[in-house]
Amino acid sequence: MQKVLILDLGGQCDLLIARRVRECHVFCEIHPAAMPLDKIRAFEPKGIILSGTPGGIGQIDPQIFQLGVPVLGIGLGCQTMIAALGGAVEPCSPIHGRTLTNLSEDAVLFAEMPPMTISWMDIDAQITALPDGFVATASTNNCPIAAFSCPERQLYGTQFRPESPHTEGGMGMLDRFLKSICGCVGDWRMENVVNDAVADIRRRVGDRRVLLALSGGVDSSVAAAVLSRAVGSRLTCIFVDHGMLRMDEGDQVEAYFSRMDVHFVRVNARERFQSALENVTDPTEKRRIIGEEFVKVFEDQAKKLGSIDFLAQGTIYPDILETGPGYADVIRSSREMGRLPGHIDFKELIEPLRLLFKEEVRELGRTMGLPAYLVDRQPFPGPGLAIRMMGNITPEKIRLLQAADHIVTQELEGSHLNRSIGQYFAVLTDTMTMGGYIVALRVVTTEDYLTAKWARLPYELLDKISTRLMTEVPGISRVTLDITNKPPASIEWE
Ligand code: XMP
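What you see is a predicted model, and the numbers here were worked out from it, not measured in a lab. (Residues numbered from 1 in each chain as written. Predicted model: local features only at pLDDT ≥ 70, side-chain atom pairs only at ≥ 80, totals over all residues. Heavy atoms only, no water.)

Chemist: Would you mind showing me how to read the pattern of salt bridges here?
Modeler: A side chain of one charge can pair with a side chain of the opposite charge if their charged atoms are brought near each other. Summed over all chains, the structure comprises 30 salt bridges. In this structure, the salt-bridge partner of Arg 419 is Asp 376, at a minimum N-O distance of 3.5 Å. Placement of the pair is Arg 419 in the loop between helix H14 (395-415) and strand E15 (423-433) and Asp 376 in the loop between helix H13 (372-375) and H14, with a sequence separation of 43 residues. On the accessibility criterion, Arg 419 (71% relative accessible area) is exposed. (Salt bridge = Lys/Arg side-chain N within 4 Å of Asp/Glu carboxyl O. Helix = DSSP H or I, 4+ residues; strand = E, 2+ residues; numbered from the N terminus. Buried < 20%, exposed > 50% of the residue type's maximum accessible area, 1.4 Å probe, protein only.)

Given below as structure tokens:
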């Protein structure tokens, strides 16, 4: 398989570049810029993208440029390349945002871009002298060397960010680097990803058995589909229903997976979780208890199945990438429920999705024919409704919240706004008024769940939701709207 290597000098853009490269149907991986040379050689990249933003570490082993592999430096990456090859780079006042860029006509990278183009920059250093053999290929008013090339050595750089949606023609530029310069054919497609994953699992597993903790979320559902295609009923999926799922969710998961060619086990552990959580009001405690209880239930069930050789997990690429400050925040979720290896007796771990981004996991699921309600699900926290219910957890509060959440979900889905909205749900406060509970609507738009804005929903829709909640859910006496952004708030209330 043709692969491109993204070397990360620090900053936040490498994830976006990786996704863009894969949108060009070229597989890529992100590694730290300090990756040893022998490892880079063993990776056999068709091309290297060296990327970083201000604040990153501008250092790279110059031998990388002797490998005979095309390199594109972006932002801090292009400055680092120039410094490593004997050119000059000097600090400048930060340039951040849209800039009008004058592109030279004959550069391969810019072949189909207009001579004057809008591009996105995020730099705090200027290139003031190029090494021998390099030519400047773009400039802006305050950045005389905004791009350069050295076609003989297949080295290229841009101070602007082609992966940014604000850069006109940026995707085309990346595509030309990958296809015309690196010689990638662009054959990384989901059908091949499925076939490769299935072949790999079959080769490793042979006629042995695999165990998977299925939550019904996107990742574990898609992992189950891939594994089921590979080993059929030698895959056992354990679905722990802790009783704090959304309305009918447990039944939906069971209905779908019990029809699949897998050994599906649903453990109804509602009462066990409820007694463990009795009178617990602290959110951290709620999370801890649910996590621990989950492992115990899973372990008990696994023991009944006898010795199993493989444990499978729906780990995805952001779970294993240690890049970009704060990123771990987004993904703490799957980890919480996924800390099984230490406890369970198994020989090997299988993670069929470990190199895929979330959107790619969804696409893989679609390719495999999984229904939209499984594949397009919004994130749902492992501890479930327990952390959307302030105060203690009671069967009555769970019932109320499930009913309220169901109405919010139905109305948002019916409005077709749901595609543009990142997450929507109801929160049950612990405050009573006029004999019933106050419910809050939490509806946010977000790209990455690190930041989020409260969604501006049409008044008519808000009115309909409020009316339905008040008339259809006895026990709810008031409906409020959460208009807090993240930061400073979080998306969840607890
Ligand atoms: P916050 O509330 O931190 O949420 O802004 C960001 C994203 O993470 C999800 N989230 C969780 N997921 N276990 C999970 O599995 C948790 O304890 C948890 N807390 C937050 C949240 O739904 C949102 O998508």
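Chemist: Can you walk me through the domain arrangement of the protein chain in this structure?
Modeler: It is common to report an interface's size as the accessible area lost on association of the parts. Its domain assignment divides the protein chain into domain 1 (3-181), domain 2 (190-375) and domain 3 (388-481). Here the C-alpha centroids of domain 2 and domain 3 sit 27 Å apart. Contacts between the two partners involve 15 residues from domain 2 and, on the opposite side, 14 residues from domain 3. Counting the contacts that link domain 2 with domain 3 gives 3 residue pairs in polar contact (both at pLDDT 80 or more). For the side of domain 2 that touches domain 3, the element with the most residues is helix H11 (residues 327-338), which contributes 3 residues. Here the residues of the side of domain 2 that touches domain 3 are counted per class, giving 7 nonpolar, 5 polar and 3 charged. (Domains from an automatic or database assignment. Contact = heavy atoms within 4.5 Å. Polar contact = N/O pair within 3.5 Å; in protein donor to acceptor, adjacent residues only side chain to side chain. Nonpolar A, V, L, I, M, F, W, Y, C, P; charged D, E, K, R; others polar.)

Chemist: Help me understand the confidence of the model for the protein chain, please; the structure alone is not making it clear to me.
Modeler: When pLDDT is averaged along the protein chain, the result is 92, and 95% of the positions lie at 70 or above. Throughout residues 323-338 the model reports pLDDT below 50, and contacts reaching past four residues in sequence, or to other chains, amount to 29 contacts. (pLDDT = per-residue confidence, 0-100.)

Chemist: Before we go on, may I ask you to explain the sheet that holds strand E5 (residues 88-103) in this structure?
Modeler: Whether parallel or antiparallel, the strands of a sheet pair through hydrogen bonds between backbone atoms. The strand order across the open sheet formed by 9 strands is E2-E1-E3-E4-E9-E8-E7-E5-E6, and the pairing between neighbours is mixed. Among the strands making up the open sheet, the edge pair consists of strand E2 (27-32) and strand E6 (116-129). Ignoring strand direction, the axes of neighbouring strands in this sheet form an average angle of 25°. Against the sheet, helix H1 (residues 14-23) makes contact with strand E1 (3-8), E2, strand E3 (47-52) and strand E4 (71-75), and its axis sits at roughly 160° relative to E2, the strand it touches most. (Pairing = 2+ DSSP bridges. Axes fitted to C-alpha atoms, helices over the stretch in contact; angles between N-to-C directions.)

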